Structures are given as C-alpha cells and as structure tokens.
Amino acid sequence: MQIHKLYTKDDLASFGLTGALPAHVGIIMDGNGRWAKKRLMPRSFGHRAGIESLHNIVRECIKLDLKALTVYAFSTENWKRPQQEVNTLFSLFIEFIVKEIDELDANRVRIITLGDLAAFPDRVRICMENASERTKNNTGLTFCLCLNYGGRAEILRAVRNIAASGADPASIDEKLFSDNLYTAGLPELDLVIRTAGEQRLSNFLLWQAAYAEFVFTDTLWPDYKPENLRANIIEFMKRTRRFGKVVE
Ligand code: FPP
C-alpha cells in the first residue's frame, strides 16, 4: 500500500512544469487493439497492457496533485464489440479495481463512475459501486471512470432530470445543467488527451469539453508513460486560453 509523495516545486521545475497545471484532465485511451496487433497478439493482450498504463498514469496524476482525471474506459458504443472482447474488458475493470483499491484509497483518491452502470453485469456494477462507496470521502484526486458513458446520453439524462424536476424553463441555466451531469461538482475540464493518432472526441465529455484544450498524440495507449503525460501538459501550458475574450 504505497503512499506516493507529491512532486515538489523543484521536481516540477525539473520537468519544465512551471506554470499552472490543469485541474482536470480527460484521456481517451485509444490504441490497445493496434498495439496488440503489432505484436500479433489478441486485442485482450492490448487491453491488459492498457491497464498497466492506467496504473502508471493515475499515480502520476496523484504525484502532480491534479484535482481530477477522467478516463474513457467503456463507451455506449463499445457494446458493439465482439462479446468476448466486452467480457475481457469487464474482467479487467474488476481486476484493476481489486488490485488498485487499497493503494488508491491510501492515497486519498476518490473513485467515481460516469455512465449508466445498470447495463453491466452485477459483478462489474457492484465492484464499481463498492469502490465509489469506499472512497467517497477522500479528498485527493478524483478518478472518474467513464463506463457505459456517452456524452449525448449524459446530456439527454440531464434534460430528462431537469424536466422531471418541473423546473421553470426560464430558470434553466448552465449551472443547473452542469449540476445534472455526472461531472457535477468537478473542476472544469481543462485538457483532453487522445492517444493513438485519432483526432476526434467520440462522444467523450461533450458539454464539459467546451473550453478544453485538445492534445492528440500518436502514442498508443499501452506505450503512454508518465513522461508522455508531462509532455502533453507542457503543451497545454504553452497555449493561451482565451475563453472567448481578447487576451493582449
Ligand atoms: C481503446 O482501444 C480502448 C478501449 C475501448 C478500452 C479502454 C480500456 C482499458 C485501457 C483497459 C482497462 C480500463 C480500466 C478502466 C481498468 P481500442 O481497442 O479501440 O484500440 P484500437 O483503436 O487500436 O483498436
């Protein structure tokens, strides 16, 4: 149950991380299948390698003292994959939580899930619910797992919730809408990273990404290392974020 020390200012400076870090980073972990194919191995081999990357990246986010990390683990479209691959992913989700939960909890990580868990087999749903329950009072990194998540489905769910509450249409503003998303209460999404060369959002955090910076990298997810994350954060820091305003 290792406790990870936060990087000091000197550590950060030695990495070139001298400005304000993003509070909330979202990652589209892509390329597990291609990584496995390059090695003439089944896709499940790539997903298994993918959890090793995730292990390393969560720890890096802890050490960087980020507020939130959201990863796209299973989209509403991923049900279209072969049943065997879907089952492998379910097993890996459980394996990941079982292996990591003590260390994540010891490092004050709060685990939450974004998406409709009801569609998953009980073993997956219960594992995730237990992880969220156990870590709900932790005040360190919020680690959000998108599971059966789609940005459009999330927006529709918010619309339905607000309609069902009987809210006066005139009172519906961005704050009320955001409060009805899975990400309610989380810091604004600052940076979206997508691995494996694709340059699209694929239904990931559609509302939340409105003002986020995007960094695309050709690195396949199983090859993505803490140094890649730090390089992508440096790229984010170099950008001037205007939020629609004029910046001199
Ligand atoms: C995309 O690669 C990856 C996924 C759809 C699943 C992401 C899952 C993991 C990283 C493993 C476990 C996750 C957790 C949360 C424990 P792809 O299969 O689409 O790759 P390809 O585009 O090269 O085919």
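Residues numbered from 1 in each chain as written. Predicted model: local features only at pLDDT ≥ 70, side-chain atom pairs only at ≥ 80, totals over all residues. Heavy atoms only, no water.

**Student:** Help me understand unusual backbone geometry in this model?
**Tutor:** Note on backbone geometry: most residues besides glycine have negative phi, and most peptide bonds are trans. Even without glycine at this site, Asn 148 takes up a positive phi of about 50 degrees. Along the chain, Asn 148 falls in strand β4 (residues 142-149). Here Asn 148 falls in the buried class, since its relative accessible area comes to 10%. The phi torsion at Ser 202 lies on the positive side, around 50 degrees, for a residue other than glycine. (Helix = DSSP H or I, 4+ residues; strand = E, 2+ residues; numbered from the N terminus. Buried < 20%, exposed > 50% of the residue type's maximum accessible area, 1.4 Å probe, protein only.)

**Student:** Is there a simple way to think about the nonpolar core in this case?
**Tutor:** Nonpolar side chains in soluble globular proteins tend to end up buried together. Counting 48 residues, the largest nonpolar core has Ile 27, Leu 69, Ile 97, Ile 111, Leu 141, Phe 143 and Leu 147 as its most contacted members. When residues of this core are traced back to their parent elements, those giving at least two are β1 (24-28), α3 (43-64), β2 (68-75), α4 (83-106), α5 (122-135), β4, β5 (191-194) and α8 (226-238). If you tally residues by element for this core, the top one is α4, at ten residues. In contact with Ile 97, other than residues within four places in its own chain, are Ile 111, Cys 127, Met 128, Ala 131 and Leu 145. Counting 15 residues, the second-largest nonpolar core is a separate cluster that includes Cys 146, Tyr 149, Phe 204 and Ala 209. (Core = buried A, V, L, I, M, F, W, Y, C linked by side-chain atoms within 4.5 Å. Contact = heavy atoms within 4.5 Å.)

**Student:** Looking at this structure, I do not really get the site of the ligand. What am I missing?
**Tutor:** The ligand sits among 18 residues. The nearest are Asp 30, Gly 33, Arg 34, Arg 43 and Arg 81. Between the ligand and Gly 31 there is a distance of 3.4 Å, counted from an oxygen atom to a backbone nitrogen or oxygen. Contacts to the ligand include Arg 34, whose backbone N or O atom sits 2.7 Å from an oxygen atom. In isolation the ligand exposes 620 Å². Once the protein is present, 92% of that is buried. The set of elements that each furnish at least two residues to the shell around the ligand consists of α2 (32-38), α3 and α4. Here the element with the most residues in the shell around the ligand is α3; it accounts for four residues. Grouping the amino acids of the shell around the ligand by side-chain chemistry returns nine nonpolar, five polar and four charged. (Near = heavy atom within 4 Å. Polar contact = N/O pair within 3.5 Å; in protein donor to acceptor, adjacent residues only side chain to side chain. Areas by Shrake-Rupley, 256 points an atom, 1.4 Å probe, with all protein chains shown as cover. Nonpolar A, V, L, I, M, F, W, Y, C, P; charged D, E, K, R; others polar.)

**Student:** Would you explain the pattern of salt bridges in this entry?
**Tutor:** Side-chain pairs of opposite charge can arise whenever the charged atoms involved come near each other. If you walk through the whole model with that rule in mind, you get 19 salt bridges. Measuring nitrogen to oxygen at the nearest pair gives 2.8 Å for the salt bridge that ties Arg 43 to Glu 85. Here Glu 85 lies in helix α4 and Arg 43 lies in helix α3, a separation of 42 residues in the sequence. The class for Glu 85 is buried, based on a relative accessible area of 8%. Linked by salt bridges that have partners in common, Asp 30, Arg 34, Arg 194, Glu 198 and Arg 200 make up one network. (Salt bridge = Lys/Arg side-chain N within 4 Å of Asp/Glu carboxyl O.)

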